[in-house]
Each structure stands twice: as structure tokens, then as C-alpha cells.
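Here is what each chain is made of, one letter per residue.
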Amino acid sequence: MARLHVISSELPPPGDTTSAPLAAGVAANDEFDRHNKPRLRQRLILTALQERYPDASFAAPPPAAAAAPDGCDLPRLYGRVHDEQMVAFLLDAWSQWEAMGPRWDRDNCLPSATTADAADGNQDASPPPLVPCHSAFRRGNSNIERPSSNVMGAIGYYCTDFITPIVATLAGELRQDAAIICSAVDRACDTRDVVYAVTTHPGHHASADCFGGYCYLNNAALCARLLQRRLEPGTGDRIIGGEDGKIASNFSWNDSPRRGVIAPVAILDIDYHCGNGTASIFYGDFDVLFCSIHCTPDVEYPWNTGYEDQNGAGAGKGETLHIPLAPGASWENSYKPALEKALRAIVEFGANALVVSIGLDTHEGDKVAVNRGGFELSGKDYYQMGRCMGSHIAKFDADAEDDMPVVFVQEGGYRIDVVGSVAADVVGGFAAAIGERKQNETEQKKRRLMKDS
């Protein structure tokens, strides 16, 4: 098995497979939604990985990398994939909401979390999570609307739904997630091993200037751009640099992103829902191939996008591959052929690096998926999924000068009883296939040396 590196925050103590309870304030934020438990999901995945792969490398980003305000300038960091104003809003929204005190508008409160005192404007009540009470026009004419200076208006400008809340811990979690992605990219480029970035929040429904679908900032998109920066000749410095463990003080994006040789990067999204945010960010790009295997948008969220003929625009025409599947898709009959199709496209694209948006809501009985459709993957299907991906990449690496960096980035998954084991199966199967290829190469070299001697 190839070496596996797991990068995350709040790592359980080594050997702790009991899944110690989350801190009370953190756990409370998972109780606002009956399906979405991102903080618990992160803990369960980390615990399962630690139990299954004790020899893997587990590391948290340097504390300074996620410190506010200087350690991680999120608007600047995400500036190549997001509107910096939106990023700044996400970091400051809770402070603005909290400062409103009794002027909270109950229409902007997540109903499931609103106490009677809070809804009545009790100044001593804890602020409930903030959600929109209205939606902005589409962005076709930027002169028609702009974000209000009032947080209750601005969230309706940026958020695409009424269930993705702003909570007290969000800004800190987004900083941690950014630091996780930066650390994962550095580790993948430095080692060429398999790296799993277990972030708190998913990101693939976040577009350049909108967030929603439980996603705030697009971690996979940031990962792809950072991989390009690391792999580009002459600008390949580590993202987290120096002994202080901060984002490198000289970090910058190229002023001309098409200058020189841009490393082609592929993103493979295996979440049950189409990664519409990621697709929109790279829809006109020729240097990022985006492949998404998901339930058909005629049945499932995010609706309206993810059709097969939505395959890119302009310079990026043909570099978006949507593979929509009907509800009830199983591994052998539907999902495996779709995955092989996506992997062939990645090999033909000639990717220098791979980002896998690992969503786990394809499992049978997933609470979110079965509302309207759902897939029927389970058990050994996920190990086979990992092996299928790893085998294709291993064959591609064998013909290349160097192994490509691979980063798994956490997306969704709502069957809490299986989410940890399923995640371990996918990355374990992938690492096993890569490891077998490396082992075979080592044995071939030994045989050649013995023959020559």
C-alpha cells in the first residue's frame, strides 16, 4: 500500500478509536440540521482512518497557518477561485449578526434553531444561526444589485438557499479548512504519496460568488489552483513556508495566469450531487478538467446543472465532463462504467495532478440522497471504487517521468453510521493500487540489477 497522509484539524489522540465527543459548543452547531453533521462526520472519518491505517501519517496544519488575521489571508488565498468580497463576508458575517442584538429578524433565523426568546428579540438570548430570507437576482447584470451593508441583506445576495447557516464557529473552521488544503498540497507535491484533506465543510456547491448546499468555500477548486502554482516552473515554492508555519509571506498568484507552462490538473467529483460550484469556476478554463459523476439533475439537487451536454465554454469547451446517472445506480451496472469513463478522460487530458472530491452520499440509504432518488453502493463497492481510480492513475504514472500529486478533498456524506468506514475504503483501495504498482516497479528493478550483475 502506498503511503497515506491524512491532513486535518482536531485530530483524535493516537490510538483513540472511541470517537471522543466533540466539544459542546462545536457539537451544538451540528444539531441545527437533521441531516448535515459536518463536524461529527470529520471526527468519524478521522477515527476510522486511524483505526484502519495506524501506519499512515496524521498531521494538522501548523497553528499559525490558520491564525487570524495575518496567518491566513483568506480573501487573497481564495482570490483565484472566489470573489474576495464574498470570502470577507463569510469571515465577518457572524460578528455582524451577533452585534445586531435584539434587532435580529426572525425571518433570517434558521427555524430549527430559533428559541422563543431569540425570535422575540431577547437581548440576552444567544443568536440563532443566520440564513437568508430572500434571494438575489441572477448575476447577469451586476449593476442591478450589489451586496447590502446589512448582514441580513448580504447573506441573501451570496447564499443560494435557506439551509446553509452562518454559525459562531464558521470563520475559524473556514480558516482551518484553508490551512488543511494548503498543507495537503505541500505534502502531495513534496512526497508524491496519497494525501487526504479531511476538512470540516464540503465546498463543491460554492461558485465564484455564491455559496450554498452546505458549502461555503470551494476547497477542491483552491486545491487545483494551488497544485498548478506548485507545479509551475519558477513558482513552485511551498505554500506554507518558513519556521513560523504561516502561509508564505511572499505568497502570490501570477498576475498573468496563462504565463509560461500551466500544469493541467484534473478534478474528479464522486459525490452523489453534481459539483456545480466547481464546474462553474472552471467552465471556461482549458487547464482544469472537471469530471463529475452524479444523480441526474432531472431528479436531484442542485438541479438545472450537470447535464451531459454542459461540457464547458470558450477555451474550456470539452474540459467539463458531466456523467449523470439515474436513481438506483449500482456499482457494477452503472457506477463503475461511469467512473472508468471519467478516468479515461483524465488520462487522455494528460493531467499533472489529481484532486478527488470525495463525497460519500452515494451509499444506499443516505438520508439526503433517498429524499428523491439515491444510489445503491455499499460495502466492498467503495474499496473497489478506490482500486479502480488507483489502478488507472498507477498505469498513467508508470508512463510518466514522476508520480502525479493526488489530493482527496472531503465533500458530503450523511449516513453517519457508515461514513467513516466508507471513506477509509475509498482511500485505502486507491493507496493499495498505487502501492502495488510501486512494488512491481521495485521488483522489476531488482530483477534487472540481478540480470546485469
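Residues numbered from 1 in each chain as written. Predicted model: local features only at pLDDT ≥ 70, side-chain atom pairs only at ≥ 80, totals over all residues. Heavy atoms only, no water.

Trainee: I tried to follow the overall build of the protein on my own but got confused; where do I start?
Mentor: Tallying secondary structure elements over the protein gives 12 helices and 10 strands in all. Within the protein, buried positions represent 57% of all 453 residues. Within the protein, contacts between residues separated by at least 24 positions form 76% of all contacts whose residues are at least 6 apart in sequence. When the accessible surface of the protein is totalled, it reaches about 18,700 Å², and 48% of it is carbon and sulfur. (Helix = DSSP H or I, 4+ residues; strand = E, 2+ residues; numbered from the N terminus. Buried < 20%, exposed > 50% of the residue type's maximum accessible area, 1.4 Å probe, protein only. Contact = heavy atoms within 4.5 Å. Areas by Shrake-Rupley, 256 points an atom, 1.4 Å probe, with all protein chains shown as cover.)

Trainee: Got a minute to help me understand the pattern of salt bridges in this structure?
Mentor: Charged atoms that come close allow side chains of opposite charge to pair. Scanning the entire structure with this criterion turns up 14 salt bridges. Put simply, R387 and E436 hold a salt bridge, and the shortest N to O gap is 2.9 Å. Here R387 is found in helix α11 (residues 381-398), whereas its partner E436 is found in helix α12 (residues 419-452), with 49 residues between them in sequence. A salt bridge links D417 to R415; its shortest N-O distance comes to 2.5 Å. (Salt bridge = Lys/Arg side-chain N within 4 Å of Asp/Glu carboxyl O.)

Trainee: What's the story with the sheet that holds strand β6 (residues 265-269) in this structure? I'm lost.
Mentor: The strands that make up a sheet are held in pairs by hydrogen bonds between backbone atoms, and each pair lies either parallel or antiparallel. Spatial strand order, β2-β1-β3-β10-β9-β6-β7-β8: eight strands in an open sheet with parallel pairing. With one partner strand each, in any of the chains shown, β2 (57-59) and β8 (320-325) form the two edges of the open sheet. Each strand of the sheet is rotated relative to its neighbour by a mean of 15°, with strand direction disregarded. Inspection of the sheet shows strand β1 (residues 4-8) paired to strand β3 (residues 194-198) by five bridges, in the parallel sense. Paired with L4 across the two strands is V194, which belongs to β3. Each of β1, β2, β3 and β10 (406-410) touches helix α2 (residues 38-52); the most contacted strand, β3, lies at about 150° to it. (Pairing = 2+ DSSP bridges. Axes fitted to C-alpha atoms, helices over the stretch in contact; angles between N-to-C directions.)

Trainee: Quick question: what am I supposed to make of the nonpolar core here?
Mentor: Core analysis: the largest hydrophobic core is formed by 64 residues, its most contacted members being F89, L90, I166, F211 and V355. It is helix α7 (residues 170-191) that contributes the most residues to this core, 11 residues altogether. For F89, the contacting residues outside a window of four places in its chain are V151, A154, I155, Y158 and F211. Residues V198, L289, V356 and A431 belong to the second largest nonpolar core, which totals 61 residues. (Core = buried A, V, L, I, M, F, W, Y, C linked by side-chain atoms within 4.5 Å.)

Trainee: Which parts of the structure should I look at to understand the pairing of strand β9 (residues 353-358)?
Mentor: Note on strand geometry: in a regular strand, side chains alternate between the two faces of the sheet. By the criterion of burial, β9 is predominantly enclosed, with six of the six residues buried. The two faces of β9 match: A353, V355 and S357 on one face and L354, V356 and I358 on the other face are all buried. Note: β6 against β9, five bridges, orientation parallel. What sits directly across from L268, in β9, is V356.

Trainee: I keep staring at the side chain of S57 and nothing clicks. Help me out?
Mentor: Tracing the sequence through the fold places S57 in strand β2. Classification of S57 as buried rests on a relative accessible area of 13%. Reaching out from S57, the side chain makes a polar contact with the side chain of R187 at a distance of 3.2 Å. Discounting residues that sit within four places of it in the chain, S57 has contacts with R3, L4, H5, V6 and R187. (Polar contact = N/O pair within 3.5 Å; in protein donor to acceptor, adjacent residues only side chain to side chain.)

Trainee: Sorry, what's going on with the packing of aromatic side chains here?
Mentor: Think of a pair of aromatic rings as described by two things: how far the centres are apart, and how the planes are tilted against each other in angle. Evaluated as defined, the whole model comprises nine aromatic pairs. Three or more aromatic residues joined by ring pairs make a cluster, and in this case those are Y272, W331, Y335 and F375. (Phe/Tyr/Trp six-rings, centres within 6.5 Å; stacked < 30°, edge-to-face > 60°.)

Trainee: Help me understand the packing of helix α10 (residues 331-349) against α11, please; the structure alone is not making it clear to me.
Mentor: Direction vectors running N to C along α10 and α11 enclose 25°, while the axes themselves pass 10 Å from each other. It follows that α10 is roughly parallel to α11 by the angle criterion. Viewed along their axes, α10 and α11 form a crossing whose handedness is right-handed. Between α10, through W331, Y335, L339, E340, L343 and V347, and α11, the contact on the second element is made entirely by D381, Q384, M385, C388, M389, H392 and F396. Class assignment for the residues of the contact of α10 with α11 results in nine nonpolar, two polar and two charged. (Parallel < 35°, antiparallel > 145°, perpendicular 65-115°, else oblique. Left-handed = near helix turned anticlockwise from the far one by under 90°. Nonpolar A, V, L, I, M, F, W, Y, C, P; charged D, E, K, R; others polar.)

Trainee: What exactly am I supposed to notice about the environment of G212 here?
Mentor: Note on placement: G212 falls in the loop between β3 and α8 (219-231). Considered as a pair, G212 and P165 are 47 residues apart in the sequence and their alpha carbons are 8.8 Å apart. Excluding its chain neighbours within four sequence positions, the residues that come into contact with G212 are T160, D161, T164, H205 and Y301.

Trainee: Please clarify how the layout of surface pockets should be interpreted in this entry.
Mentor: Leftover empty space is mapped by rolling, across the atoms, a probe with the size of a water molecule. Size it by volume and the largest pocket reaches roughly 760 Å³. Residue lining of the largest pocket: 26 residues in total, with R138, T160, C210, N276 and N304 positioned closest to the centre. For the lining of the largest pocket, the secondary structure elements donating two or more residues are α6 (151-158) and α9 (276-281). Here the lining of the largest pocket gets four residues from one element, more than from any other, and that element is α9. Looking at the second largest pocket, its volume works out to about 420 Å³. Along its surface, the second largest pocket is lined by 21 residues, and H35, I163, Y214, V368 and R372 are the ones closest to its centre. (1 Å grid on protein atoms, 1.4 Å probe; cavity = no way out; pocket = protein on both sides within 12 Å on 5 of 7 lines; lining within 4 Å. Points joined across faces, edges and corners; volume = space filled by probe spheres on them.)

Trainee: What is the right way to look at the side chain of D366 in this model?
Mentor: The topology assignment puts D366 in the loop between β9 and α11. An unpaired buried charge is present at D366: no salt bridge exists, and R415, the closest side chain of opposite charge, is 6.7 Å distant. From its side chain, D366 meets the backbone nitrogen of Y414 in a polar contact 2.9 Å long. (Lys, Arg positive; Asp, Glu negative; His and termini not counted.)

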